[in-house]
Amino acid sequence: MCDQPPPTPHGPAPDLFTWEFAADPYPAYAWLREHAPVHRTKLPSGVEAWLVTRYADARQTLADNRLSKNPAHHDEPAHAKGKTGIPGERQADLMTHLLNIDPPDHTRLRRLVSKAFTPRRVAEFAPRVQELTDDLIDRFTRGGDTADLIHDFAFPLPIYAICDLLGVPREDQDDFRDWAGMMIRHGGGPRGGVARSVKKMRGYLAELIHRKRQALPAEPVPGEDLISGLIRASDHGEHLTENEAAAMAFILLFAGFETTVNLIGNGTYALLTHPEQRERLQRALAEGDRGLLETGVEELLRFDGPVELATWRFATEPVAIGGQRIETGDPVLVVLAAADRDPERFADPDTLDLGRRDNQHLGYGHGIHYCLGAPLARLEGQTALATLLTRLPDLRLAADPAELRRRGGLIMRGLRTLPVEFSPPRSGQT
């Protein structure tokens, strides 16, 4: 999938970005942490970038303001810049979102949207997340004793949740589900399908913003949806353009659902392949103790998190990371999956321990670009896992783990499918 990596003083680096690597990248990351912690490699797209794999270096890099999120700082020709972001976002005029900008614009836009993700707002949304979770489990258990937990549960739950938060009408949410499904196939669909889906979503968001602006009441109402809040900001002197509003809605949808799909999918898979930890959590839930659920979700984020590499950064001046000089314009990718298994930071890092304390993982990033939707993702992850384990106590894998495949793509880490078996709940059981 990519050129052979350059040799190091300790011999050739392991092959990266192969299908074998995707199934279990952690041994390769352990080698890089020890022998080449800041490693230059050619990615499958042909772009050369630095991979940062140690925890201390990763944390420093994520907070370093000399590393820009703006692709304009990439030193390669313009045609290569399209290989460093979301396919189709440039053509759809959706570049001005939080993952592509720096302060002061980043500060302004993040402030405008952060009110939607306060602990209070997320807590108010909890009953809706529980309702969606129960409804999806009702649907797939009604059909028998098997399911694909990605297609039937982990994928639709965050899609419908973020659509509700944004204010997408219920009758339009299945269209969003179709577009989002194409966007996360990462090459598994028809050629150009991702870009077409991004374009359709952009057109829909522009129309929805226009409709909501026409119907917007003079004063905010309790529980006002996020798109209406963004429109209100742009209409009341906070200088949010229509393109910025559309780009913000787009990235909240895009970044706000795939990470949660992977959290639920990877987390369920980890529990099903570590039965002693799964039983430990089930006992705690049966006793009404949610403390292990909270620490457990943090451990699942660390152990096999939804985001393998942090999104792109570009050096705006020469920078030293881990003793390695990074030149102006060089792309830098922080390997969160490697940093979160660094034995210099985490005891027994390859062991899943749901009760792990002092678990300051980097699964949702660090610094000013720390994931805005992390509180919502945690709520969805905790609700999904607790409800699955409670309602389907004998949930089990229905496939050989060696047969499961990961989706392609550079940034995210998630399963294509997760076949499971279970005893259907008795009538009236919740």
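Cut-offs used in this document
By convention here, each chain's residues receive numbers from 1 onward along its written sequence. At least 70 in pLDDT is required for a residue's local features to be given in this predicted model, at least 80 for side-chain atom pairs to be given and counted, and no such filter applies to totals for whole chains, interfaces and linings, which use all residues. Working from all heavy atoms in the structure, the side-chain values ignore hydrogens and water. Secondary structure elements are taken from DSSP: a helix is a run of H or I of four residues or more, a strand is a run of E of two residues or more, and numbering for both begins at the N terminus. The Shrake-Rupley method, run with a 1.4 Å probe sphere, supplies the accessible areas, and residue values consider only the shown protein chains as cover. Partly exposed describes any residue whose relative accessible area lies between the buried limit of under 20% and the exposed limit of over 50%, with all areas from a 1.4 Å probe on protein chains only and scaled to the type maximum. Nonpolar cores were defined as sets of buried Ala, Val, Leu, Ile, Met, Phe, Trp, Tyr and Cys residues, with membership established by side-chain atoms within 4.5 Å. Residues count as neighbours in contact if any of their non-hydrogen atoms are within 4.5 Å of one another. Salt bridges are identified by distance alone: a Lys or Arg side-chain nitrogen within 4 Å of an Asp or Glu carboxyl oxygen. Two strands qualify as a pair provided DSSP detects at least 2 bridges between them.

1. A short note on the overall build of the chain
For step 1, the next point in the chain: Helix and strand counts for the chain stand at 16 helices and twelve strands.
For step 2, the next point in the chain: Carbon and sulfur atoms make up 51% of the accessible area of the chain, which amounts to about 18,500 Å² in all.

2. Notes on the environment of R142
For step 1, the next point in the chain: When you line up the elements, R142 lands in helix 6 (residues 119–142).
For step 2, the next point in the chain: R142 sits in the exposed class, given a relative accessible area of 63%.
For step 3, the next point in the chain: Through-space distance from the C-alpha of R142 to that of P424 is 7.6 Å; in sequence the pair is 282 residues apart.

3. Topic: the nonpolar core
For step 1, the next point in the chain: In terms of nonpolar packing, the biggest core is built from 71 residues, with F117, F140, F153, L166, F176 and L418 touching the most fellow members.
For step 2, the next point in the chain: Those residues within four positions of F176 in sequence are excluded, and the remaining contacts are I159, C163, V168, M201, Y204, L205 and L253.
For step 3, the next point in the chain: Listed in part, the 42 residues of the second largest apolar core include A28, V307, V334 and A339.

4. A look at the pattern of salt bridges
For step 1, the next point in the chain: Applying the stated criterion to the full structure yields 25 salt bridges.
For step 2, the next point in the chain: A salt bridge links R211 to E207, with the nearest nitrogen and oxygen atoms 3.3 Å apart. Here R211 pairs with E207, and both are found in helix 10 (residues 193–215), just four residues apart, close to one helical turn.
For step 3, the next point in the chain: When its relative accessible area of 44% is taken as the criterion, E207 is described as partly exposed.

5. Overview of helix 8 (residues 156–166)
For step 1, the next point in the chain: Buried residues dominate helix 8, accounting for eleven of its eleven residues.
For step 2, the next point in the chain: Within the sequence span of helix 8, burial applies to P156, L157, P158, I159, Y160, A161, I162, C163, D164, L165 and L166.
For step 3, the next point in the chain: Just beyond helix 8, the residue with positive phi is G167, at close to 100°.

6. Some thoughts on the sheet that holds strand 11 (residues 396–397)
For step 1, the next point in the chain: Pairing is antiparallel in the open sheet, where three strands are placed in the order 6-12-11. The strands lining the two open edges of the sheet, one partner per strand, are strand 6 (146–148) and strand 11.
For step 2, the next point in the chain: By the bridge criterion, two bridges tie strand 11 to strand 12 (residues 419–421) in an arrangement that is antiparallel. Paired with L397 across the two strands is V420, which belongs to strand 12.

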